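Residue-level structural notes
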Amino acid sequence: MRRSELVADTAIALLAERGMRGLTHRAVDEAAGLPPGSTSNLARTRAALLELTLARLTELESAVFAPEALDPTVGVDGAARVFARALHAQLLDRRRTLARYELALEATRRPELRAVYDLAGRRFREVAAALLAAMGSAEPARHAGELVAFAEGLMFYAVAGAGGPSAEDDLRRAVADLLTGMLRPVR
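Residues numbered from 1 in each chain as written. Predicted model: local features only at pLDDT ≥ 70, side-chain atom pairs only at ≥ 80, totals over all residues. Heavy atoms only, no water.

Looking at the environment of E102
Formally: Secondary structure elements are defined from DSSP: runs of H or I of at least 4 residues count as helices, runs of E of at least 2 residues count as strands, and each element is numbered from the N terminus. A 1.4 Å probe rolled over the protein chains alone gives each residue an accessible area, and that area as a share of the maximum for its type sets the label: buried under 20%, exposed over 50%, partly exposed in between. Contact definition: two residues touch when any of their heavy atoms are within 4.5 Å.
Inspection of the secondary structure assignment puts E102 in helix α6 (residues 94-107). Overall, the relative accessible area of 27% leaves E102 in the partly exposed class. C-alpha separation for the pair E102 and L15, spaced 87 residues apart in sequence, amounts to 6.8 Å. With residues up to four places along the chain from it excluded, the contact list for E102 reads L15, G19 and M20.

This is the structure we're talking about:
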């Protein structure tokens with residue numbers, strides 16, 4: 001594992017455990033077992049540390065939401081299965097989801113982080129829009145935004161709301177219901 005990955009993975013864990021206030025260069029050094037100053041050498045400022053952490057988080061989430069797994073020929077049930085599997089995996093690693101929400105909230109106050117966060121989100125929406133277009137969506141960009149918002153709501157409800165992680169099959173049915181409505185012919 002590269003040092004940048006170790007630092008970012010440790011920052012993700014700290015964000016989940018302690019929140020934004022618990023994420024400091026020194027805390028990352030200590031939790032990662034690195035010599036003092038190691039994190040500062042890699043990410044000089046807090047903004048740089050947050051951007052490094054968000055980039056790593058996006059990389060990890062992209063591996064879960066792998067675009068190559070999204071084959072438009074599998075139909076609603078197949079696409080729902082792929083999305084549900086990815087959502088379920090995301091929910092099983094609560095730390096990543098909690099860290100992402102910490103970063104999302106921080107991005108509301110830091111324009112430079114907002115730009116990085118928005119770019120990552122746009123990539124996920126573009127993949128979803130391409131899939132939905134191939135599946136016959138009349139409005140793939142709008143439907144992609146709705147699908148992402150639906151997934152965000154499910155994840156937030158599971159980690160911060162009144163719910164808990166849903167079973168993968170329950171997620172599959174929920175996503176299938178949404179996709180069925182989106183792909184219904186317009187009258």
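Considerations on the pattern of salt bridges
Where charged atoms of side chains with opposite charge meet at close range, the side chains can pair. Put simply, the rule is: We define a salt bridge as a side-chain nitrogen of Lys or Arg found within 4 Å of a carboxyl oxygen belonging to Asp or Glu.
Applying the stated criterion across every chain yields a total of 18 salt bridges. Here R85 makes a salt bridge to E168, at a shortest N to O gap of 3.9 Å. Of this pair, R85 sits in helix α5 (residues 75-92) while E168 sits in helix α9 (residues 168-183), and the two are 83 residues apart along the sequence. We note a salt bridge from R96 to D93, for which the minimum N-O separation is 3.8 Å. Classification of R96 as buried rests on a relative accessible area of 11%. With a relative accessible area of 19%, D93 lands in the buried category. Shared partners join several salt bridges into a network, and the residues in it are R2, E5, D9, R56 and E59.

Examining the layout of surface pockets
Space left empty within the atom packing is revealed by a probe, the size of a water molecule, rolled over the atoms. For the record, the criterion: A cavity, in this analysis, means grid points on a 1 Å lattice covering only the protein atoms where a 1.4 Å probe fits yet has no way out; a pocket is instead an open set bounded by protein on both sides within 12 Å along at least five of seven lines, and a residue lines either one if it has an atom within 4 Å of a point. Grid points are joined across faces, edges and corners, and a volume is the space filled by probe spheres set on the points. Three classes are used: nonpolar for Ala, Val, Leu, Ile, Met, Phe, Trp, Tyr, Cys and Pro, charged for Asp, Glu, Lys and Arg, and polar for all others, with Gly counted as polar.
A volume near 420 Å³ is recorded for the largest pocket. Elements with a contribution of two residues or more to the lining of the largest pocket: α4 (46-64), α7 (111-134) and α8 (140-159). Take the lining of the largest pocket: its biggest share by element is eight residues, from α7. Tallied by class, the residues present in the lining of the largest pocket amount to 14 nonpolar, two polar and five charged.

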